[in-house]
Amino acid sequence: MPHIDKFHSIVELSKSFKEGHFKPSEITEFYLNNIVEKDGKIQCFQNVYAESATVSSKAADKAISSGHRLGPFHGIPFVLKDIYDVEGRITTSGSKILENKIVAETATMAERLIAAGGILLGKSKTVEFAFGGWGTNQKMGTPWNPWDLKNHRICGGSSSGSAAALASNLCVCATGTDTGGSVRLPAAFCGITGLKVTKDLLTTKGITPLSHTLDTPGPMARSLIDVVIMFEVLSGTKGAEIDKKMVSNTGYFGDLTRGVSEMRIGATANKDRARCSLDVLKRYDEILRILENQGATVEEYNSPIDYDDIAKKTGDIISIEAYFYHGHLCEDKSNPMDEDVRTRILKGKAFSASQYLKLLEDRKTNGKTFLDSMLGFDALVTPTTTDEASLVKEVDHEVSPGHFTRPFNYITMCALSIPMGLSNNGLPLGLQIAARPHEENIALRIGGEVERNLSSVCET
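Owing to the predicted nature of the structure, the values given are computational and were not obtained by experimental measurement.

**Q** Is there a simple way to think about the overall build of the protein in this case?
**A** Of the regular secondary structure elements, the protein holds 16 helices and 11 strands. Taking 2.2 N^0.38 as the reference for a compact globule, 460 residues should give roughly 23 Å; the C-alpha atoms of the protein span a radius of gyration of 21 Å, in line with that estimate. Along the longest, intermediate and shortest principal axes, the C-alpha atoms of the protein span 60 × 60 × 40 Å. Burial statistics for the protein: of 460 residues in total, 62% are counted as buried. Partitioning the intrachain contacts of the protein with sequence separation of at least 6 by distance along the chain shows that 76% fall at a separation of at least 24.

**Q** How should I be thinking about the packing of helix α4 (residues 108–115) against helix α7 (residues 224–234) in this particular structure?
**A** What describes two packed helices is the angle between their axes and the distance between those same axes. Closest axis-to-axis distance for the α4/α7 pair is 8 Å, and the angle between their directions is 110°. The angle between α4 and α7 falls in the class roughly perpendicular. When the axes of α4 and α7 are compared, the crossing they make is right-handed. Between α4 and α7, the residues in contact are M109, R112 and L113 and M230, V233 and L234, respectively.

**Q** What is the right way to read empty space enclosed by the protein from this model?
**A** Over the atoms a probe the size of a water molecule is rolled, and this reveals where empty space is left. One pass over the full model with this rule turns up one cavity of 30 Å³ or more. Put simply, the largest cavity is a space of about 60 Å³. When the residues that make up the lining of the largest cavity are grouped by side-chain class, the tally is five nonpolar, five polar and two charged.

**Q** Would you mind showing me how to read the sheet that holds strand β2 (residues 77–81) here?
**A** The strands making up a sheet associate through backbone hydrogen bonding, with each pair oriented either parallel or antiparallel. Strand order in the open sheet made by the 11 strands is β1-β3-β2-β4-β6-β5-β10-β11-β9-β7-β8, with mixed pairing throughout. In this open sheet, the two edge strands, each paired with only one partner strand, are β1 (45–48) and β8 (297–300). Neighbour-to-neighbour, the strand axes of this sheet turn through a mean angle of 25°, independent of strand direction. Bridge count for strand β7 (residues 264–267) against strand β9 (residues 379–383) is three bridges, and the pairing is parallel. The residue bridging I265 from the neighbouring strand is A379, located in β9. Packed onto the sheet, helix α16 (residues 440–453) meets β7, β9, β10 (414–422) and β11 (428–435) and runs at close to 10° relative to β10.

**Q** Can you walk me through the packing of aromatic side chains in this structure?
**A** All told, the structure shown has nine aromatic pairs when counted by the stated rule. With a centroid separation of 4.8 Å and an interplanar angle of 70°, the aromatic rings of F30 and Y31 are classed as edge-to-face. Given the relative accessible area of 9%, F30 is considered buried. Geometrically, the ring pair formed by Y301 and F370 is edge-to-face, given 5.7 Å between the ring centres and 65° between the ring planes.

**Q** Looking at this model, I keep getting lost on the layout of surface pockets. Mind explaining?
**A** Each pocket or cavity is described by its volume, and for the largest pocket that value is around 910 Å³. For the largest pocket, the lining is made up of 38 residues, of which E398, V399, S400, P401 and R406 are closest to its centre. Of all elements in the fold, only α6 (184–190), α12 (307–331) and α13 (339–346) reach the threshold of two or more residues within the lining of the largest pocket. With seven residues, the top contributor of residues to the lining of the largest pocket is α12. Looking at the lining of the largest pocket, its residues break down into 10 nonpolar, 17 polar and 11 charged.

**Q** Before we go on, may I ask you to explain the environment of A434 in this structure?
**A** Mapped onto the fold, A434 is located in strand β11. According to the relative accessible area criterion, A434 is buried, its value standing at 0%. Along the chain, A434 and L195 lie 239 residues apart, while their C-alpha atoms are 10.0 Å from each other. Sequence-distant contacts of A434, defined by excluding residues within four places in its chain, comprise A379, L380, F408, M413, C414 and A415.

**Q** I would appreciate a short explanation of the pattern of salt bridges in the present structure.
**A** Side-chain pairing between opposite charges can occur once the charged atoms of the two side chains come close. Under the counting rule described, the total for this entry stands at 25 salt bridges. Salt-bridge contacts for E99 lead to K96; the nearest nitrogen and oxygen are separated by 3.4 Å. Between D148 and R153 there is a salt bridge, and its shortest N-O distance comes to 2.8 Å. Taken together, the salt bridges that share partners define one network made up of K312, D316 and K347.

**Q** Mind showing me how you'd approach the nonpolar core here?
**A** Side chains of a nonpolar character, in soluble globular proteins, are inclined to be buried together. Counting residues in each nonpolar core, the largest one holds 128 residues, and the members touching the most others are F73, L291, F370, V381, L431, I433 and I446. When sequence neighbours within four positions are dropped, the list of residues in contact with F370 reads Y301, S303, P304, Y307, I310, L380, F408, I411 and M413. Listed in part, the five residues of the second largest apolar core include W134, I154, F189 and V395.

**Q** How do you make sense of the confidence of the model for the protein when you look at a structure like this?
**A** The predicted coordinates ought not to be read in detail in places where the model reports low pLDDT. Considering every residue of the protein, the mean pLDDT works out to 97; 98% of them sit at 70 or more. The least confident element of the protein, judged by mean pLDDT, is helix α1 (residues 10–19) at 97; the most confident is strand β3 (residues 119–124) at 99. Confidence over residues 456–460 falls short of pLDDT 50; this stretch has 17 contacts with residues more than four positions distant or in other chains.

**Q** Could you clarify how one ought to interpret the side chain of S423 in this entry?
**A** For S423, the location among the structural elements is in the loop between β10 and β11. When residues no more than four places from it in sequence are discounted, the contact partners of S423 are D279, E388 and L429.

**Q** Hey, could you run me through the pairing of β2 in this one?
**A** Two faces belong to every sheet, and in a regular strand the side chains alternate between them. Among the five residues that make up β2, five are buried, leaving the element largely enclosed by the rest of the structure. Burial along β2 is two-sided: the face carrying P77, V79 and K81 and the face carrying F78 and L80 are both buried. By the bridge criterion, five bridges tie β2 to β3 in an arrangement that is parallel. Across the sheet, L80 pairs through a bridge with K123, a residue of β3. For the crossover from β2 across α4 to β3, the handedness is right-handed.

Calculation notes
As a convention, each chain's residues are numbered from 1 in the sequence order in which they are written. Selection of residues for local features in this predicted model requires a pLDDT of at least 70, selection of side-chain atom pairs for listing and counting requires 80 or more, and totals for whole chains, interfaces and linings are taken over all residues. Where side-chain values are given, they derive from all heavy atoms of the structure, hydrogens and water being excluded. Helix and strand labels come from DSSP, where a helix needs a run of H or I of at least four residues and a strand needs a run of E of at least two; each type is numbered from the N terminus. Each radius of gyration reported is based on C-alpha atoms, and the globular scaling rule is 2.2 Å times the count of residues to the power 0.38. Throughout, exposure labels follow a simple rule: accessible area from a 1.4 Å probe, protein chains only, divided by the maximum for the residue type, with under 20% read as buried, over 50% as exposed, and the rest as partly exposed. Contact definition: two residues touch when any of their heavy atoms are within 4.5 Å. Axes here mean lines fitted to C-alpha atoms, for a helix over just the part in contact, with angles spanning 0 to 180 degrees between N-to-C directions. Any angle that falls under 35 degrees is termed roughly parallel, while one over 145 is termed roughly antiparallel, one within 65 to 115 roughly perpendicular, and all others oblique. Handedness of a crossing is defined here by the sense of rotation of the near helix relative to the far one, left-handed for an anticlockwise turn of less than a right angle and right-handed for a clockwise turn. Cavities and pockets are found on a 1 Å grid laid over the protein atoms alone: a cavity is a set of points where a 1.4 Å probe fits but cannot escape, a pocket is an open set with protein on both sides within 12 Å along at least five of seven lines, and a lining residue has an atom within 4 Å of such a point. Grid points are joined across faces, edges and corners, and a volume is the space filled by probe spheres set on the points. Under this grouping Gly is polar, as are all residues other than the nonpolar Ala, Val, Leu, Ile, Met, Phe, Trp, Tyr, Cys and Pro and the charged Asp, Glu, Lys and Arg. Between any two strands, pairing holds if DSSP finds at least two bridges. When the centres of two rings from Phe, Tyr and Trp lie within 6.5 Å, Trp using its six-membered ring, the rings pair. Their planes under 30 degrees apart give stacked, over 60 give edge-to-face, and anything left gives tilted. The term salt bridge refers to a side-chain nitrogen of Lys or Arg lying within 4 Å of a carboxyl oxygen of Asp or Glu. Put simply, a nonpolar core is a bunch of buried Ala, Val, Leu, Ile, Met, Phe, Trp, Tyr and Cys residues held in one set by side-chain atoms that sit within 4.5 Å of each other. Each residue carries a pLDDT score, the predictor's own confidence in it, on a scale running from 0 to 100. Handedness is read with the strands pointing away from the viewer; a crossover is right-handed when the path from the first strand over the helix to the second is clockwise.

In structure tokens, the structure reads:
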């Protein structure tokens with residue numbers, strides 16, 4: 001039998017299952033054993049579904065071996081962020097208050113992954129109600145960044161558990177959600193890949209809401225091609241069609257290999273570069289040189305709206321809408337809540353209806369201004385974060401790490417975070433590629449060029 005104790009990709013496993021080298025049950029057993037061995041330290045799982053995962057994997061064995069393979073996701077062990085509902089299972093949404101809440105229906109995104117033959121290993125930890133970019137949770141536990149097993153560092157949030165599970169090899173892929181950077185921030189801090197899709201491209205039905213104006217589900221994996229496969233499944237593409245696209249190298253799969261020749265890319269302006277660590281700037285500038293060497297034109301992009309202003313407006317919208325959904329729980333001081341999250345949500349109570357409506361109107365106006373200013377640029381490339389993952393004890397909860405991520409939720413753009421190398425401390429750093437709404441193909445195209453030109457930094 002081929003070597004099993006390694007990091008696996010969807011592509012590799014799908015091929016192995018099809019050719020009979022591996023069985024889904026063998027791979028599932030490997031990941032369940034890894035969870036038992038490692039999660040006591042990493043603490044990224046909220047619930048593990050060992051029994052049902054084993055049963056599902058054996059059913060996948062029989063289906064695939066008898067010629068009933070559903071597509072490239074069939075038999076792939078994955079994890080759901082614990083704000084995705086699964087019928088008959090608990091969805092805590094990262095809240096101690098809801099630790100026994102059993103739900104009646106499965107979220108559409110979860111349903112599609114399961115229907116495609118995915119093996120659900122369990123639910124991953126999240127910031128309470130998905131409201132926080134650092135990835136901490138006072139009541140339900142803060143996952144440990146696998147890149148530093150001596151010091152407790154943040155994984156980024158709010159999809160902290162999903163990123164930690166991927167970085168510590170406890171699953172093949174995972175889901176997150178992104179309201180102000182909650183897929184991209186943990187992707188950057190944990191050295192994986194995550195896609196924030198265009199708003200409303202994927203449904204949030206059955207996912208605990210934080211901000212209906214900004215919430216987006218998204219795939220997280222260790223490579224771009226795995227993210228694309230997940231994206232196709234989440235979009236409702238049938239397995240046979242995904243197989244065809246992969247074989248013919250068309251659609252998003254073709255975009256990954258098109259290159260960046262003659263593309264015009266906007267680089268971070270000096271005022272925002274000043275926020276970044278020297279390690280981040282060193283790696284970022286290396287990426288810009290790679291893109292130029294591959295035929296892209298890279299020029300400084302100056303946003304007509306200050307990123308700080310956008311980030312603040314984004315935070316205000318999130319707080320107001322979070323208060324609508326979860327404020328009643330925050331108001332009851334006897335409820336065991338993460339006090340940092342309680343503070344963020346209660347902030348929304350202070351806004352009047354007219355202030356809220358003005359925020360939404362300003363967003364429309366500012367969005368048009370921003371997109372108009374991008375005329376001539378194919379995409380914008382920024383660092384995902386300003387620095388490496390910080391120690392949990394040093395986090396300043398008054399500040400969001402989403403300086404570079406929040407603007408693209410606000411503008412409704414799509415954005416991708418991929419690894420761009422390591423800091424001097426050996427910690428991952430992320431590159432963000434942001435494209436216009438519904439131009440995920442552009443972000444993936446640029447990401448593909450970067451990924452090809454960098455050695456993998458995903459394995460710890």
